[in-house]
Amino acid sequence: MKIHEYQAITLLKAYGLPVPRGILAETPEEAKKAATTLADCVIKAQIHSGGRGKAGGIKLAKNPDEAYKLASEIIGMTLVTKQTGPEGKRVRKVLVTEKIDVKKEFYLSVTGDNEHAGIVIVASADGGTEIEETAATHPERIIQVPVSVITGFQVSEGNPVAKAFGLTGALKNELINILSGMVKLYLEKDCSLVEINPLVLTKDDHLLILDAKINFDDNALFRHPELAELRDINEEDPKEYKASQHDLNYVTLDGNIGCLVNGAGLAMATMDIIKNFGGKPANFLDVGGSATTEKVKVAFQILLSDPNVDAIFINIFGGIMKCDVIAQGVVDAAKEIGISIPVVVRLEGTNVTLGREILKKSGLALISASDMADGARKAIAAAKEASR
Amino acid sequence: MSILVNKDTRVIVQGITGRQGSFHTQQMVDYGTKIVGGVSPGKAGQMVGGIPVFNSVIDAVKATSANASVIYVPAPFAAASIMDAADAGIELIVCITEGIPVLDMARVKHYLEKTKARLIGPNCPGIITPGECKIGIMPGYIHKKGHVGIISRSGTLTYEAVKQLSDRNIGQSTVIGIGGDPIKGISFVDALKAFEADPDTYAVVINGEIGGSGEEDAAEFIAKHMKKPVVAFISGQSAPKGKRMGHAGAIISGGKGTALGKIEALRNAGVAIAMTPDMIGETMVKTLEAHGIKL
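Residues numbered from 1 in each chain as written. Chains lettered and ligands numbered in written order. Predicted model: local features only at pLDDT ≥ 70, side-chain atom pairs only at ≥ 80, totals over all residues.

(A) Quick look at the overall build of chain A. Within chain A, the secondary structure is distributed over 13 helices and 18 strands. Going through the 388 residues of chain A one by one, you find that 51% of them count as buried. (Helix = DSSP H or I, 4+ residues; strand = E, 2+ residues; numbered from the N terminus. Buried ≥ 20, exposed ≤ 12 C-beta atoms within 10 Å, placed from the backbone.)

(B) A look at the interface of chain B and chain A. Tallying the contact residues gives 49 residues for chain B and 54 residues for chain A. Sorting the residues of the side of chain B that touches chain A by element identifies helix H3 (75–87), helix H4 (102–112), helix H5 (155–167), strand E12 (203–209) and helix H8 (249–252) of chain B as the ones contributing at least two each. Partitioning the side of chain B that touches chain A into residue classes produces 22 nonpolar, 18 polar and nine charged. (Contact = placed C-beta atoms within 7 Å. Nonpolar A, V, L, I, M, F, W, Y, C, P; charged D, E, K, R; others polar.)

(C) Region of the structure containing the domain arrangement of chain A. If you check the domain split of chain A, you get domain 1 (1–20 + 101–235), domain 2 (21–99) and domain 3 (236–387). Centre-to-centre separation of domain 1 of chain A and domain 3 of chain A, based on C-alpha positions: 40 Å. (Domains from an automatic or database assignment.)

(D) Just the domain arrangement of chain B, in detail. Residues and elements named next belong to chain B. By the assigned domains, chain B splits into domain 1 (10–120) and domain 2 (138–290). A straight line from the C-alpha centre of domain 1 to that of domain 2 covers 26 Å. Of the residues lining the interface, 10 residues belong to domain 1; the matching set on domain 2 comes to eight residues. For the side of domain 1 that touches domain 2, the leading source of residues is H4, giving four residues. Its residues assigned to classes, the side of domain 1 that touches domain 2 shows seven nonpolar, one polar and two charged.

(E) Main features of the packing of H5(B) against helix H10 (residues 280–290) of chain B. Residue and element names in this part refer to chain B. Running from N to C, H5 and H10 cross one another at 50°; their axes reach a closest spacing of 8 Å. The pairing of H5 with H10 is recorded here as oblique in orientation. The handedness of the crossing between H5 and H10 is right-handed. Residues Ala 161, Gln 164, Leu 165 and Asp 167 of H5 touch H10, and the partners they reach there are Ile 280, Gly 281 and Met 284. Residues of the contact of H5 with H10, tallied by class, amount to four nonpolar, two polar and one charged. (Axes fitted to C-alpha atoms, helices over the stretch in contact; angles between N-to-C directions. Parallel < 35°, antiparallel > 145°, perpendicular 65-115°, else oblique. Left-handed = near helix turned anticlockwise from the far one by under 90°.)

(F) Geometry of unusual backbone geometry. In this structure, the amide linkage connecting A:Asn197 to the following residue, A:Pro198, adopts the cis form with an omega of 5°. Within the secondary structure, A:Pro198 is located in strand E10 (residues 191–202). The omega torsion of the bond from B:Gly121 to B:Pro122 falls at 10°, within 30 degrees of zero and hence cis. By the element assignment, B:Pro122 lies in the loop between strand E7 (118–120) and strand E8 (126–129). Even without a glycine there, the phi angle at B:Ser65 is positive, about 55°. By the element assignment, B:Ser65 lies in the loop between helix H2 (57–64) and strand E5 (68–71). You will see that B:Asn123, though not glycine, has its phi angle at about 55°, which is positive.

(G) Quick look at helix H9 (residues 259–268) of chain B. Residues and elements named next belong to chain B. Within H9, burial applies to Ala 259, Lys 262, Ile 263, Ala 265 and Leu 266. Buried residues of H9, seen end-on, are gathered within an arc of 165° and therefore sit on one face of the element. Exposed and oriented more than 90 degrees from the buried face of H9 are Leu 260 and Asn 268. Immediately beyond the C-terminal end of H9, within one or two residues, lies Gly 270, with a positive phi of roughly 90°. (Arc of directions from axis to C-beta.)

(H) Expanded view of the packing of helix H7 (residues 214–225) of chain B against H9(B). Residues and elements named next belong to chain B. At a closest axis distance of 8 Å, the pairing of H7 and H9 adopts a crossing angle of 10°. Compared by their axis directions, H7 and H9 come out roughly parallel. Taking contact as the criterion, the partners of Glu 215, Glu 216 and Ala 219 in H7 are, on H9, Lys 262, Ala 265, Leu 266 and Asn 268. Class assignment of the residues belonging to the contact of H7 with H9 gives a composition of three nonpolar, one polar and three charged.

(I) Broad picture of the environment of A:Leu303. Within the fold, A:Leu303 resides in helix H10 (residues 293–304). Among residues more than four places away in sequence, those in contact with A:Leu303 are A:Gly258, A:Leu260, A:Val309 and A:Ile312.

(J) H4(B), seen in detail. Residues of H4(B) that are buried: B:Val102, B:Leu103, B:Asp104, B:Met105, B:Ala106 and B:Val108. Close packing links the buried residues of H4(B) with strand E7 (102–113), strand E8 (118–124), helix H6 (169–188) and E10 of chain A together with H3 of chain B.

(K) Representation of the sheet that holds strand E3 (residues 47–48) of chain B. Residues and elements named next belong to chain B. Read from one edge of the open sheet, seven strands run E3-E4-E2-E1-E5-E6-E7, paired in mixed fashion. Single-partner strands in this sheet number two, and they are E3 and E7. On the sheet, helix H1 (residues 19–31) packs against strand E1 (10–14), strand E2 (34–39), E3 and strand E4 (51–54) and is oriented at approximately 165° with respect to E2. Against the sheet, H3 engages E1, E5, strand E6 (92–95) and E7, with an angle of about 165° to E6. (Pairing = 2+ DSSP bridges.)

What follows is the structure, given as structure tokens:
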């Protein structure tokens, strides 16, 4: 799960880390009011994406009137950044923060190091730019310090980072405090990323967090009910949101063949084979191992609600998921909402005979496929026919 | 011969009274697996399909001398279940559960280092030695006893590979689903090592996917240490970038992790690549022919 910058800043502050003064504003009036308490201030669009500055979503205001004007421009605009895709994201609120005079910018993050079953601090003295860019152009300017999930952050682990940043004495202590807090937050809240970019050295020689991004491990949200309210569904694809509400794993793509598959690997392979045979998948959809008839019905509804979908390919190899459950879900959904586009079904695995029988008895006009390749070819042909 | 499990493996089921646990216990028993007990806290004394239920793994091991365990308990409790099994002296733990928090698995991984337990999974279909022992959720009937080993990160894609081989009369020695989670027990390399050492396995299929570096590590191992031929399929060639991977995470893998990168690494290691999932069986047929291997 992703959250906004203002929420990340609030969390970091709660962990005792240095952040600038900032006030959230949802209207130009609120931005103006916030600016009166901050003198020179920065108006920052709050969307779940990096690269906001380049896209025109971060502006400097010299007085409250200017803050009003800039906020009224930014709120409601659609920002297109490298990370949003061409459709962009609509800005619904801005963060008004004090303007900071900066001597130097750094990059810091804590993320998972799955290979070593640990976590890792990633740091670079080149702050402010995207870390992917630094990785591509100056990989030698990025350092990584592994941290144990058992012991947490050890003060000595701050040494290489301080050295890379050229910080000593009191500033080194400030850095270690920040690193320690980032790791603590990461471990306590089950994060998958805590990123500070930039961390800045201010004119009066202190470290301050100017921008932050925090992602959480979706699998661990059950034990952090306090994080649930940070979710902003406006930032999510509506189909992906609906799917997540039903524990379905769905990703929107730009093709016209809807896919309903069990298992992430088979779902990806299904996309691959469709593409390889010259078709275009409309989505990735893994109905998971423990799907109920109801869940399958929702999955089917999501596919049918996508206007780009010209045909549907159901590819099921039952293991934990039983074929009769899938079949019943498809039949229920089809009877309830009606199917106006061709549906190709390939069933194999646990309870396959029962499943095929349910489909047969339903009287629905489904196209049956003998295997995955056959199903992909039939779905592509049906989509071509239907889109004509 | 086979690897890790055979007809003598004695299995207990953790979470046996749950919906999935009870259903798959029956399926495993029907296949011929020696299921000797089940665990469900507070339900000792009950029977599930004729299998005695115990309160803890320790109790179950004492009463049944089980040496393997399969876990069907829900994600919030799965990490503790794995550690319980290891504490009780279980040698092979197969964790089917999907959705375990990453940090839980990181802690479990370190915990297991101090025990003799080996973990398969989590988020995996399990392991099967056809005709002898099925531990997990895979449909038994698609398998056929034979001499090709399979290692896979995906459940359903494993079945796909198995069926394609069986349909071509190519049986399997052992099939392992190592699981789709970023932090897991047995890796591709661990399983390849075991298959290379197993005299009854003549060739191996690996089913990989995008993310992580398990396939690249496998390629390095194959180039240096494998004499047996290997066939691979990597899924996710058409997956959009960055949808699932964290921001800084993509850097740490440093160019590793894409389907094409993995395919390239495996091909350079002499692995025969199936470019589409329907070609796994055919690619194995050709590879066996090319190496003059008769089954």
